[in-house]
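Secondary and tertiary structure notes
Okay, here's what each chain looks like letter by letter:
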Amino acid sequence: MRNKRKEDTGLMKTIIAILTSATLRETAMAKPAGITKKRSGVSHRAVIWFAVLILVVTALCPLAAAPLQTQAKAVTTVKKKQNINMKKLTGKLKRKIAATTPAEKAGSDLTLRHPAARLTTARLPQGYTHDDTYYYYISQLANTGKHKNDLRLTRIKYKGFGKYTVDYMTLKQFGHGTNLDCVTVNGVTWLWTGSDPSGSSQNTSTITCFTYRAGTTLRRHGQYTYRIPISGSGGSRYAANCYPAISADGSQLAVRFTSNGGQQFQIYDLTDGTTIHPKKIKKTVRVKSTPGDFQGFDICGTTIYTLEGTRSKGEMRQLGKASSFAPIRIRAYNYKTNSTSSRKIKGAKTLSHREPEGIQVAADGSIEIMIASHYKELYTCANIYQVKGGMK
């Protein structure tokens, strides 16, 4: 087969050379002398020769140009996907997608609460939370192009296996959306996240809260916004890359940011779901950075919980980043007893993409995490799991 390709290629080159030579001669003969106006200088016979040349090349090019091997298809990127047109989300499609969440095997640390629910955009999730009734909220980031630092906030209402409704609002120029949390006061749910990205790194410079309104757009921040002075700086330095988390009883708000190569958490009293006093820091907690990719945090009582981990090992290998793979892990820091604990999470092993994207801790210490899936399948889903036994 390879020898036949070489013969066809040689024949094509010979024909092209003959036709090109004849065409050039014809063109030279057709060019009138002394013409100064810009003209083609090509006769009708030359045009015919060019047409024959094109037909021959078109017929023979596939034989010469077709590669012997094709390169493996690369993993689809956010840039290509963030504005794709997804199939209409019918009831049948919802049930089909939900059925793709694998059943947990014996020995798994996870119990499936809600199987795959397709979100309203293919962007990757960054944080999630749920209110006291039945709504789940998931932030999704656009990190390239004209929508860079814009968040799509998808709201899901689960109604049973493969049954749910989705709508969304847009948070323009809010930042990465690393952590998302909420609190409900007098029937009103206030959502909290980072906001006002600034500087060359476009890290968030404030935290903010707002109410959800489907189909609307907020720009840079919500109704209440706070700059966070760094503890010990006398108010001369403010936190960057900062995100909030709220205790299940709604009484505490913790702000996380990176400082001196580690993590710093500043804890405040929260009133009315909307009010903190940034200079009245209740507690400052400093811990080392998470070894794996940081994927969110929460607070319960005197304990701070962090979530870390990368996408699946197989997908990291496809990206050429196998050495950077990190398993899903939860760490707990009790600042009252000055104790720490860690738990590696086994489960959701065969889930597509399998990247942890948020943690929620209930008042009784039970833990729920969200794992994103189906990103390579040109859409993105949220899968909600309960962690068996919490940190035990």
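It should be noted that the structure appears before, not after, this text.
The structure presented is a predicted model; accordingly, all values stated were derived computationally and were not measured.

This part covers the sheet that holds strand β13 (residues 262-269). In spatial order, the strands read β11-β12-β13-β14; together these four strands make up an open sheet with antiparallel pairing. This sheet does not close on itself; its edge strands, each paired only once, are β11 (243-246) and β14 (283-288). Averaged over all adjacent pairs, the angle separating strand axes in this sheet is 25 degrees, with direction ignored. By the bridge criterion, six bridges tie β13 to β14 in an arrangement that is antiparallel. Residue Gln266 lies in a different strand from β14, and its bridge partner there is Thr284.

This part is about the pattern of salt bridges. The full count for this structure, using the stated rule, is eight salt bridges. The shortest N-O distance in the salt bridge between Asp109 and Arg343 comes to 3.3 Å. A residue pair is termed long-range when its members are at least 10 positions apart, and Asp109 in the loop between α4 (91-98) and β1 (110-118) and Arg343 in strand β18 (residues 339-344) qualify at 234 residues. The class for Arg343 is buried, based on a relative accessible area of 13%. The closest approach of N and O atoms between Glu315 and Arg311, which form a salt bridge, is 3.0 Å. On the basis of relative accessibility, which here comes to 3%, the residue Glu315 falls in the buried class.

On the surface, Lys105, Lys313, Arg317, Lys344, Lys346 and Lys349 cluster together to form a positively charged patch. The topology assignment puts Lys344 in strand β18.

Turning to the side chain of Ser205, a few remarks are in order. Residue position: Ser205 is located in strand β8 (residues 203-211). Accessibility expressed as a relative area gives 19% for Ser205, which makes it buried. Aside from chain neighbours lying at most four places away, what touches Ser205 is Ser195, Asp196, Ser198, Arg227, Ala239 and Cys242.

Conventions and cut-offs
- Residues numbered from 1 in each chain as written.
- Predicted model: local features only at pLDDT ≥ 70, side-chain atom pairs only at ≥ 80, totals over all residues.
- Heavy atoms only, no water.
- Pairing = 2+ DSSP bridges.
- Helix = DSSP H or I, 4+ residues; strand = E, 2+ residues; numbered from the N terminus.
- Axes fitted to C-alpha atoms, helices over the stretch in contact; angles between N-to-C directions.
- Salt bridge = Lys/Arg side-chain N within 4 Å of Asp/Glu carboxyl O.
- Buried < 20%, exposed > 50% of the residue type's maximum accessible area, 1.4 Å probe, protein only.
- Patch = residues over 30% accessible without salt bridge, like charges linked within 9 Å, V, L, I, M, F, W, Y side chains within 5 Å.
- Areas by Shrake-Rupley, 256 points an atom, 1.4 Å probe, with all protein chains shown as cover.
- Lys, Arg positive; Asp, Glu negative; His and termini not counted.
- Charge placed at Lys NZ, Arg CZ, Asp CG, Glu CD.
- Contact = heavy atoms within 4.5 Å.

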